[in-house]
Amino acid sequence: MNIYRQVWEEKVNTPRRNVEQANNTHGKVISFLTNGDAAELSALGTEGGGGRGSRLRRGDAALKPVSAGRKSLLLVVGAAAALFLSGCSPNYLVLNPAGPVGREEMHLIVLSTVLVLAVVIPVFVLLAFIVWRYRDRPGNPAAYRPEWSESRILEIVWWGIPIVIVGVLGFYTAKTTFALTEPPESSTQPLTIQVTSLNWKWLFQYPGQGVATVNYCEIPVGVPVQFELTADSPMNSFWVPQLGGQEYAMPGMAMRLWLQADKPGTYYGHGANFTGEGFAHMGFNVVAVSQKDFDQWVSKAKSTGQTLTEAGYQQLKKPGVMGTTTYSSYPPGLFHDTVWNNGGRYDPKMAGMGGTDGRAGMMPKGAASMPGTGAPK
């Protein structure tokens, strides 16, 4: 009976010992790969005979552990390379300006990035150095000097540098902001386009040409364009990334934005404020063409486009998604009437933004017109 019991116990316990031995071997290999314990690997090879541990010790001498610091460095370098290489892609529209306004704003982005890196890089370098130099380990010769916290030199450095950076950034930001309120090109007659944000579409009106479009507009290359913006719906933000920054389109107000395209092309634009379920469809294209092609487009729009009436505009302003449309004409004073009807009458500065077609009740009696509106005095 003892012989049978011994054989049974050996049969039951042998697989269990094999599993435990395999787990122990696996743990030692992982310990080597992560901690670089060569002595433990050597012992593993001796212990395993001609097994996997021995093969690791003899044949895989080139396999070396990767430290946590090296892994972190590789991750940082890889992420930085991906970031800078992706910035060269034309898919990043802000980083590929196609006009003077976009370039000025790009210069401001680059300056801001350089100034930020001037702070961030030294901070991370000092952090890594201090953690390594003053880490808690036996025999560390680094002296602990708590009087550094009262160093006037250090206080001047870490307060003075940020103040200088904020001052430089603020100066150039203010300079660029005020410069962009003027036409990018002073020697060329500018073009005015009145833009109305609707749910969920964009209406472009050309007061000098008498035509209008929906969800696209054409502009001549090299000509400064003044976009006058308002909304007959919730507030939105007008944005053509390659040509320049955003400007709000608000009910009851007429905001202004100067843009210019230096080369022919189709530039993507979109609303940058969420305005409901159809917001994702509020994209539009700005098509930049030569002056000759622009004049031909205006002539074609006048001859082939449909007429936008008052009733048609009331239907157009209702919430809905649509494609592109060209109108050969539109009601006079439509843009200013839209501003006035959405609250402009309550702002003294908007007193002259009433209708240009002489409609009664649109402007308080005795109110003076704003320059350039064409409203009756």
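Our structure's up above, just so we're on the same page.
Residues numbered from 1 in each chain as written. Predicted model: local features only at pLDDT ≥ 70, side-chain atom pairs only at ≥ 80, totals over all residues. Heavy atoms only, no water.

Caption draft 1: Expanded view of the side chain of Thr230. Counting through the fold element by element, Thr230 comes out in strand β5 (residues 225–231). By relative accessible area, which is 0% here, Thr230 ends up buried. Non-local contacts of Thr230, meaning those with residues more than four positions away in its chain, are made with Val195, Thr196, Ser197, Ala249, Met250, Pro251, Gly252, Met253, Phe335, Thr338 and Val339. (Helix = DSSP H or I, 4+ residues; strand = E, 2+ residues; numbered from the N terminus. Buried < 20%, exposed > 50% of the residue type's maximum accessible area, 1.4 Å probe, protein only. Contact = heavy atoms within 4.5 Å.)

Caption draft 2: Geometry of the pairing of strand β6 (residues 236–239). Both β6 and strand β7 (residues 247–249) contribute to a ladder of three bridges, which runs antiparallel. When the bridges of β7 are listed, Phe238 appears paired with Glu247. Pairing analysis gives two bridges linking β6 to strand β9 (residues 265–271), with the strands arranged antiparallel. Looking at β9, one finds that Phe238 is bridged to Gly271. (Pairing = 2+ DSSP bridges.)

Caption draft 3: Local environment of the pattern of salt bridges. This model, assessed by the stated rule, comprises three salt bridges. Arg256 is the salt-bridge partner of Glu228, the closest N and O atoms lying 3.9 Å from each other. One end of the pair, Glu228, is in strand β5; the other, Arg256, is in strand β8 (residues 255–259), and 28 residues separate them in sequence. Judged by relative accessible area, which is 9%, Glu228 ranks as buried. Look at Arg256 and you get partly exposed, because its relative accessible area is 39%. One salt bridge in this structure joins Lys317 and Asp232, with 3.2 Å as the shortest N-O distance. (Salt bridge = Lys/Arg side-chain N within 4 Å of Asp/Glu carboxyl O.)

Caption draft 4: Fine view of the sheet that holds β5. Spatially, β8-β5-β1-β2-β3-β12-β11 is the arrangement adopted by the seven strands of the open sheet, whose pairing is mixed. Both outer strands of the open sheet, β8 and β11 (306–307), are each paired with one neighbouring strand and no more. One ladder, built from three bridges, connects strand β3 (residues 211–214) with strand β12 (residues 325–329); its direction is antiparallel. Residue pairing in the sheet places Thr213 in a bridge with Thr326 of β12. Packing of helix α7 (residues 291–304) onto the sheet brings it into contact with β1 (191–198), β2 (201–206), β3, β11 and β12, and relative to β3 it is tilted by some 90 degrees. (Axes fitted to C-alpha atoms, helices over the stretch in contact; angles between N-to-C directions.)

Caption draft 5: Just the packing of aromatic side chains, in detail. For the coordinates displayed, the defined rule picks out twelve aromatic pairs. Residues Trp202 and Phe238 carry aromatic rings whose centres are separated by 5.6 Å and whose planes lie at 75 degrees to one another, so their mutual orientation is edge-to-face. Pair noted here: Trp202 is in strand β2 and Phe238 is in strand β6, with a separation of 36 residues, a long-range link. Take Trp202: its relative accessible area is 0%, and that puts it in the buried class. Three or more aromatic residues link up through ring pairs in this structure, and these residues are Trp202, Phe204, Phe227, Phe238 and Phe284. (Phe/Tyr/Trp six-rings, centres within 6.5 Å; stacked < 30°, edge-to-face > 60°.)

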